[in-house]
Amino acid sequence: MAKLDPIVSEFATTEEAEAHDAWVRAKVQKALKSPGPGIPHDQVMAEIQAMLDAKAKRAG
């Protein structure tokens, strides 16, 4: 189990990094195979901004 430098990686070990990479790749493949319509970039960004604004408002 190789340890990673916290300045270089957010993961403590290479195994954690590889597991996260595999998880992300699986999610991307599932999304690419999805037959549903895509979501326009502007819509996604507006939804994310609304979530961030709501969280900032709750934080005070």
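As shown above, the structure is provided for reference.
Residues numbered from 1 in each chain as written. Predicted model: local features only at pLDDT ≥ 70, side-chain atom pairs only at ≥ 80, totals over all residues. Heavy atoms only, no water.

### A short note on the overall build of the chain
Argument step 1. Within the chain, the regular secondary structure consists of two helices and zero strands.
Argument step 2. For the chain, the C-alpha radius of gyration of 17 Å lies well beyond 10 Å, the compact-globule estimate for 60 residues.
Argument step 3. Dimensions of the chain, computed from C-alpha atoms along their principal axes, come out at roughly 40 × 40 × 15 Å.
Argument step 4. Residues classed as buried in the chain amount to 5% of the 60 residues present.
Argument step 5. Of the accessible surface of the chain, which amounts to about 5,600 Å², a share of 62% is contributed by carbon and sulfur atoms.
Argument step 6. Considering the chain, the positive charge centre built from 8 side chains and the negative charge centre built from 9 side chains are found 8 Å apart. (Helix = DSSP H or I, 4+ residues; strand = E, 2+ residues; numbered from the N terminus. Rg over C-alpha atoms; globule rule 2.2 N^0.38 Å. Buried < 20%, exposed > 50% of the residue type's maximum accessible area, 1.4 Å probe, protein only. Areas by Shrake-Rupley, 256 points an atom, 1.4 Å probe, with all protein chains shown as cover. Lys, Arg positive; Asp, Glu negative; His and termini not counted. Charge placed at Lys NZ, Arg CZ, Asp CG, Glu CD.)

### Some words on the environment of Arg58
Argument step 1. For Arg58, the position within the fold is in helix 2 (residues 41–59).
Argument step 2. Between the C-alpha atoms of Arg58 and Glu10, which are 48 residues apart in sequence, the distance is 27 Å.

### A closer look at the side chain of Thr13
Argument step 1. Counting through the fold element by element, Thr13 comes out in the segment before helix 1 (14–33).
Argument step 2. A polar contact of 3.1 Å, which involves the side chain of Thr13, links it to the backbone nitrogen of Glu16.
Argument step 3. Those residues within four positions of Thr13 in sequence are excluded, and the remaining contacts are Met1, Ala2, Lys3 and Leu4. (Polar contact = N/O pair within 3.5 Å; in protein donor to acceptor, adjacent residues only side chain to side chain. Contact = heavy atoms within 4.5 Å.)

### Some details on the pattern of salt bridges
Argument step 1. Going through the model one piece at a time under the given rule, you end up with one salt bridge.
Argument step 2. Note that Arg25 is salt-bridged to Asp21, the shortest N-O span being 2.8 Å. Placement of both Arg25 and Asp21 in helix 1 is noted, with a separation of four residues, approximately one turn of the helix.
Argument step 3. Taking the relative accessible area as the measure of exposure, Arg25 reaches 55% and is therefore exposed. (Salt bridge = Lys/Arg side-chain N within 4 Å of Asp/Glu carboxyl O.)

Any functional reading would require information beyond the geometric quantities listed.
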